[in-house]
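# Structure at a glance
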Amino acid sequence: MNKVRCFIGLGSNLNNPVEQVRSALKELNDIAGIRVTRHSALYRSEPVGPAGQPDYINAVAELNTSLQPLELLDALQQLEQMHQRKRIQHWGPRTLDLDLLLYNNETINNERLTVPHPYITERNFVLRPLADLESDLTLPDGSKLMHYLADCPMGTLEQLPL
């Protein structure tokens with residue numbers, strides 16, 4: 001199969017989140033059929049969801065993959081499990097969260113996977129790092145990433161030093 005380009009969001013707010021995200025970026029390359037071609041800077045963001053959580057560390061990575069979408073989802077979830085991800089509370093704290101944001105230029109909607117990610121256009125911690133990688137990105141519906149970024153304030157989102 002030909003390799004396709006996709007983007008994934010990475011996030012963590014438990015157990016040394018900076019290191020969780022950095023190690024996940026390296027470990028993605030250890031998965032057969034996946035190559036990280038580049039990634040954004042790391043960003044600190046306030047949590048979405050239940051109050052009282054620590055801030056998140058977020059990034060976006062561009063991948064080339066020969067995996068089909070559900071195979072890629074399975075691989076991402078397996079990597080989350082390697083980082084002891086516990087699914088206790090919806091939008092609760094986590095050691096590692098890997099979201100498939102875009103898969104090629106496809107629209108996917110089934111019981112396990114929705115692509116583009118349902119919140120891709122609403123979250124500054126996704127839009128800003130995605131724009132760092134590809135500011136002129138066009139989403140599968142023909143809309144421009146920069147249109148959404150203009151309507152999504154930076155708020156307390158903070159790019160971390162390298």
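The paragraphs below set out a description of the structure included in this document. (Residues numbered from 1 in each chain as written. Predicted model: local features only at pLDDT ≥ 70, side-chain atom pairs only at ≥ 80, totals over all residues. Heavy atoms only, no water.)

## A word on the overall build of the protein
Stated formally: Starting at the N terminus, helices and strands are each numbered in turn, a helix being any DSSP run of H or I of at least four residues and a strand any DSSP run of E of at least two. With the radius of gyration taken over C-alpha atoms, the globule rule is written as 2.2 Å times the number of residues to the power 0.38. Whether a residue is buried, partly exposed or exposed follows from its accessible area with a 1.4 Å probe, protein chains only, as a fraction of its type maximum: under 20%, in between, or over 50%, in that order.
Helix and strand content of the protein: 4 helices and 8 strands. Counting from the amino terminus, the protein carries its helices and strands in the arrangement β-α-β-β-β-α-β-β-β-α-α-β. Its C-alpha atoms give the protein a radius of gyration of 15 Å, within 12% of the compact-globule value 15 Å for 162 residues. In terms of overall dimensions, the protein has a C-alpha envelope of 45 × 35 × 35 Å along the principal axes. Taken across its 162 residues, the protein has 49% of its residues classed as buried.

## Quick word on helix α2 (residues 69–82)
Using the following cut-off: By this rule, a helix spans an expected 1.5 Å times one less than how many residues it contains. When we speak of the arc, we mean the arc of directions from the helix axis to the C-beta atoms. We call two residues in contact whenever any of their non-hydrogen atoms come within 4.5 Å of each other.
When the terminal C-alpha atoms of α2 are compared, their 20 Å separation across 14 residues agrees well with the 20 Å that a helix rising 1.5 Å per residue should span. Three or more residues of α2 are buried, namely P69, L72, L73, A75, L76, L79 and E80. Within α2, the buried residues cover an arc of 160° as seen down the axis, which keeps them to one side. Structural note: α2 exposes Q78 and M82 on the side pointing more than 90 degrees away from its buried face. Considering only its buried residues, α2 is in contact with β1 (4–12), α1 (17–28), β2 (34–39), β4 (56–65), β5 (97–103) and β6 (108–109). At the C-terminal side of α2, Q84 shows a positive phi close to 60°.

## Some points on the pairing of β5
As a reminder, the rule being used: Paired strands are those between which DSSP finds at least two bridges.
Burial analysis of β5 places 6 of its 7 residues in the buried class, which makes it a mostly covered element. Bridge count for β1 against β5 is 6 bridges, and the pairing is antiparallel. Bridging across to β5, G9 finds its partner in D99.

## Some thoughts on the packing of aromatic side chains
Note the following rule: Stacked, edge-to-face and tilted are the three classes for Phe, Tyr and Trp ring pairs, Trp counted by its six-membered ring, which pair at centre distances within 6.5 Å; planes under 30 degrees apart are stacked, over 60 edge-to-face, the rest tilted. Two conditions define a charge located above a ring, namely a distance within 6 Å from the ring centre to NZ of Lys or CZ of Arg, and an angle within 35 degrees of the ring normal.
For the coordinates displayed, the defined rule picks out 0 aromatic pairs. Residue placement shows R123 over the ring face of Y119; its charged tip is 4.2 Å from the ring centre.

## Some remarks on unusual backbone geometry
P116 follows V115 through a cis peptide bond whose omega is 0°. Here P116 shows up in the loop between β7 (114–115) and α3 (124–133). Residues other than glycine seldom take positive phi values, yet N16 does so here, at roughly 60°. Here N16 shows up in the loop between β1 and α1. Of note, N104 is a non-glycine position whose phi angle comes to about 55°, a positive value.

## Thoughts on the pattern of salt bridges
For clarity, the threshold we go by: Only one rule defines a salt bridge in this text: a Lys or Arg side-chain nitrogen within 4 Å of an Asp or Glu carboxyl oxygen.
Per the stated rule, a full pass over the model turns up 8 salt bridges. The partner of R112 in a salt bridge is D74, and the shortest N-O contact between them spans 2.5 Å. Of the two residues, R112 sits in the loop between β6 and β7 while D74 sits in helix α2, which places them 38 residues apart along the sequence. Using a relative accessible area of 36% as the deciding quantity, one classes D74 as partly exposed. Through salt bridges with shared partners, a single network forms among R5, R38, E62 and E134.

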